[in-house]
Amino acid sequence: MVVSIIIPVYNVAPYIIRCLQSVASQTINDLECILVDDCGKDSSIELAQEFITNYHGNIKFSIVHHKHNYGLAAARNTGIRCSSGDFLYFLDSDDAIVPDCIETLILLFQQHPDTSFVQGNYLDEENHLGPYAFHKDIPQYIDEKKILDNLILCQIVTSSCNRLLPKKFIIENNLFFPEGILHEDLYWVYYLAKYAKAAAFTHKGLYIYYKNEGSIVTSTTNETRINRYTSRIFGAKSYFEDMFQNGSTISQRQFFAVNLTSCLVELGAVNSFTHWSKFWLFVISVSLKCVKKTTWNRFLFLCCLMPPICFFAQRKNVRWKIQNDLLARI
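Residues numbered from 1 in each chain as written. Predicted model: local features only at pLDDT ≥ 70, side-chain atom pairs only at ≥ 80, totals over all residues. Heavy atoms only, no water.

Asker: How should the environment of G120 be read in this particular structure?
Answerer: Take G120: it is sitting in strand β6 (residues 117-123). Placed 85 residues apart in sequence, G120 and G205 show a C-alpha to C-alpha distance of 6.2 Å. The residues contacting G120, other than those within four sequence positions of it, are L105, F134, N162, T202, K204 and L206. (Helix = DSSP H or I, 4+ residues; strand = E, 2+ residues; numbered from the N terminus. Contact = heavy atoms within 4.5 Å.)

Asker: What is the right way to look at the packing of aromatic side chains in this model?
Answerer: How two aromatic rings sit relative to each other is set out by the distance from centre to centre and by the angle between their planes. Summed over all chains, the structure comprises 22 aromatic pairs. Arranged with centres 6.0 Å apart and planes meeting at 80°, the rings of F51 and F61 form a pair that is edge-to-face. Remark: F61 occurs in strand β3 (residues 60-65) and F51 occurs in helix α2 (residues 44-54); sequence separation between them is 10 residues. By the burial criterion, F51 is buried, and F61 matches it. With centroids separated by 4.8 Å and ring planes inclined at 80°, the aromatic side chains of Y190 and Y191 adopt a geometry described as edge-to-face. (Phe/Tyr/Trp six-rings, centres within 6.5 Å; stacked < 30°, edge-to-face > 60°. Buried < 20%, exposed > 50% of the residue type's maximum accessible area, 1.4 Å probe, protein only.)

Asker: Would you mind showing me how to read the packing of helix α8 (residues 222-246) against helix α10 (residues 273-290) here?
Answerer: Helix-helix packing is characterised by the crossing angle of the two axes and by the distance between the axes. Following both chains from N to C, one finds α8 and α10 inclined at 10°, their axes separated by 12 Å at the closest point. The pairing of α8 with α10 is recorded here as roughly parallel in orientation. On α10, the residues touching I226, Y229, T230, I233, A236, K237, F240, E241 and F244 of α8 are H275, K278, F279, F282, V286, K289 and C290. When grouped by side-chain class, the residues that make up the contact of α8 with α10 number 10 nonpolar, two polar and four charged. (Axes fitted to C-alpha atoms, helices over the stretch in contact; angles between N-to-C directions. Parallel < 35°, antiparallel > 145°, perpendicular 65-115°, else oblique. Nonpolar A, V, L, I, M, F, W, Y, C, P; charged D, E, K, R; others polar.)

Asker: When you look at the pattern of salt bridges in this model, what are you seeing that I'm missing?
Answerer: Pairing between side chains of opposite charge can happen when the charged atoms of each approach one another. Evaluated as defined, the whole model comprises nine salt bridges. Where D242 meets K194, a salt bridge forms, and the shortest distance between an N and an O atom there is 2.5 Å. Here K194 lies in helix α7 (residues 184-195) and D242 lies in helix α8, a separation of 48 residues in the sequence. Relative accessible area serves as the criterion here: at 27%, K194 is assigned to the partly exposed category. (Salt bridge = Lys/Arg side-chain N within 4 Å of Asp/Glu carboxyl O.)

Geometric descriptors of this kind do not, in isolation, establish any biological role.
As structure tokens, then:
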């Protein structure tokens, strides 16, 4: 079994060698590592090319070049299309993996060959189980759909990284990443949960997540907040349409409600009445599709999603109340 490790590369000069060294240190040899050059402005690709030139081992490294900067989602999609492995593994270029990461996941898949994916745990920079690690009460193997949906959507980190997936599973279910938005992992994980029939987990830390203060996740600029909001609302519309047409589970509805309340948090910080109005219209359309008539209770709830009351969504206790109310109404 050949595993393709896909690494998008964009402005990660301080981290790229650390990432590639972790790949080169893997304890198995049936690996190809595809770096996707997304046209950054620093020396990331030059450093990666120098590393590959000086590498002497059995891992097949290659670089695929984009003509323009298309974003993380497009880079991963390019990696999927260019891969030749039986299994795919996504790795962010500012993170790293432990030496037996891929070997551990392959052995786990061999123990449970009917799984849609296998996953390892997360370590922090000190090689301890980090804030994104999942709890010890999660079983090694899950094939009950309701439990699996809840685990993927509501309990573990919504990331495409640190999962080993058969390429056939990705292609057959069209599990490509939506291009041109942020939070593409959230969208991808929703549909992963929809199509996954079984999964296996190891509590061993395999993926080292390094916190980058300059990342999109930590940025608080108005432009980034609006981009995060528009990306989340793009996903929310897709989730709702899927749930409305095909039925929904409680985990899917909770995932949807979390996304909407995250929209509230972003919009409350940018104070954009234009975006608030569009968001309010979307919430009304959801409500009208979910109920046969409007009640005073529902009317008052919808009013809470409009300025200025909605700005209190920044507070956790208020945000949780709104999230629970949304969940009760969809």
